[in-house]
Amino acid sequence: DVSGKVVLDFEYDAVSEIIDGLAITSVDKKVALNDLNNHKTILPMEYDNIIATKEYAIFYKGDKCGIMLMDGTLFTEPIYESIKYFCEELCAVKQNGQWGYMDKRGKVCIACAYDECFCFSSGMAAVCKDGKWGFINHSGKLSVPAKFDEVTPMLGGVAVVKSGESCGLLDRAGQFVFPLTKKALILHDVCAHSRPEQARPKCLITPDGTHFIIDKY
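Described in the following lines is the structure provided in the data block. (Residues numbered from 1 in each chain as written. Predicted model: local features only at pLDDT ≥ 70, side-chain atom pairs only at ≥ 80, totals over all residues. Heavy atoms only, no water.)

### Overview of the overall build of the protein
- Within the protein, the secondary structure is distributed over zero helices and 23 strands.
- Sorting the 217 residues of the protein into buried and exposed places 43% on the buried side.
- Pairs at least 24 apart in sequence give 24% of the contacts found in the protein among residues at least 6 apart.
- With the model as given, the accessible surface of the protein reaches about 11600 Å², and the carbon-plus-sulfur share is 51%. (Helix = DSSP H or I, 4+ residues; strand = E, 2+ residues; numbered from the N terminus. Buried < 20%, exposed > 50% of the residue type's maximum accessible area, 1.4 Å probe, protein only. Contact = heavy atoms within 4.5 Å. Areas by Shrake-Rupley, 256 points an atom, 1.4 Å probe, with all protein chains shown as cover.)

Structure representation (structure tokens):
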């Protein structure tokens, strides 16, 4: 640490960056999660990968993953093929090749029925079925029909959608804020897999280079 005291013994092949007192350590291609603030091991050295947040850790064993809370409580068994971050109280999970959403009770509340999906934002989540994208709400209802070739997450209340060679800006009601045009639209600071606090939707660049702040939508 800053005082020169050794907080982890020299027995690991690799140690991750220490964030909020949490460190992921590795030996012989297995990883563990250590809480340096409380001098305890949250996940022992038996996992293939660990992704840690302040509240929970997503752990991988073979081709399956689950969630462990930071107090050591098992939140969900490793039965999923992939898990994304909790956003707006819901977490995207993949099972049998399909994506759905799990709530904070560990219950799958929106069935795994989609080929791909984004995390929830602005009360909506982009989902893909048979190559077409639309948006669902928290109840799982398809609020915007799955008819687009590409979409960004619904951030700041709007999303860029692409149909064929044309792009437009769509709001939560499925109405076009900016009509479809055959030139690219760029919605800045959008990342489907970022943590909620890292998502910063701010600006739309239109074909003529004009910038619009989108937070008002």
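### Quick look at unusual backbone geometry
- In the Ramachandran plot, H39 falls in the positive-phi region, its phi being about 55 degrees despite a non-glycine side chain.
- Within the fold, H39 resides in the loop between β3 (30-35) and β4 (40-47).
- Residue S122 is not a glycine yet carries a positive backbone phi of 55 degrees.
- Looking at the secondary structure, you find S122 in the loop between β13 (116-117) and β14 (125-129).

### Considerations on the side chain of S26
- Secondary-structure assignment places S26 in strand β2 (residues 22-27).
- Polar side-chain contacts of S26 include one of 3.3 Å to the backbone oxygen of K30.
- Apart from the residues lying within four places of it in its own chain, the contact partners of S26 are Y12, D13, A14, V31 and M45. (Polar contact = N/O pair within 3.5 Å; in protein donor to acceptor, adjacent residues only side chain to side chain.)

### What about the pairing of β4?
- Inspection of the sheet shows β3 paired to β4 by four bridges, in the antiparallel sense. Residue pairing in the sheet places D35 in a bridge with K40 of β4.
- Between β3 and β4, which follow one another and run antiparallel, lie four residues, and H39 among them has a positive phi close to 55 degrees. (Pairing = 2+ DSSP bridges.)

### Some thoughts on the sheet that holds β2
- With respect to topology, four strands assemble into an open sheet ordered β1-β2-β3-β4, the strand pairing being antiparallel. Strands with a single pairing partner mark the edges of an open sheet, and in this sheet they are β1 (14-15) and β4.

### Brief notes about the pairing of β3
- Burial of β3 is extensive: five of the six residues sit out of reach of the surface.
- Examined bridge by bridge, β2 and β3 share six bridges and lie antiparallel to one another. Paired with I24 across the two strands is L33, which belongs to β3.
- Linkage of β2 to β3, two consecutive antiparallel strands, is achieved through a turn of two residues, within which D28 is found at a positive phi near 50 degrees.

### Brief notes about the pattern of salt bridges
- Throughout the structure, instances matching the rule amount to eight salt bridges.
- A salt bridge links D149 to K132, with the nearest nitrogen and oxygen atoms 2.5 Å apart. Of this pair, D149 sits in the loop between β16 (142-148) and β17 (150-151) while K132 sits in strand β15 (residues 132-136), and the two are 17 residues apart along the sequence.
- The exposure class of D149 is partly exposed, given its relative accessible area of 29%.
- Residue K132 is classed as partly exposed on the basis of its relative accessible area, which comes to 32%. (Salt bridge = Lys/Arg side-chain N within 4 Å of Asp/Glu carboxyl O.)

### Re the packing of aromatic side chains
- This structure, assessed with the given rule, holds five aromatic pairs.
- With centroids separated by 5.5 Å and ring planes inclined at 80 degrees, the aromatic side chains of Y56 and F86 adopt a geometry described as edge-to-face. Here the residue Y56 occupies a position in strand β6 (residues 56-61), and F86 occupies one in strand β9 (residues 82-87), the gap between them amounting to 30 residues.
- Residue classification places F86 among the buried positions, given a relative accessible area of 10%.
- With centroids separated by 4.9 Å and ring planes inclined at 65 degrees, the aromatic side chains of Y101 and F120 adopt a geometry described as edge-to-face. Linking Y101 in strand β11 (residues 98-102) with F120 in the loop between β13 and β14, this pair joins segments that are 19 residues apart in sequence.
- Judged by its relative accessible area of 1%, Y101 is buried.
- Judged by its relative accessible area of 3%, F120 falls in the buried class.
- Above the ring of W99, the side-chain terminus of K84 is found at 4.6 Å from the ring centroid.
- Sitting over the ring of F86, K104 keeps its end group 5.5 Å from the ring centre. (Phe/Tyr/Trp six-rings, centres within 6.5 Å; stacked < 30°, edge-to-face > 60°. Lys NZ or Arg CZ within 6 Å of the ring centre and 35° of its normal.)

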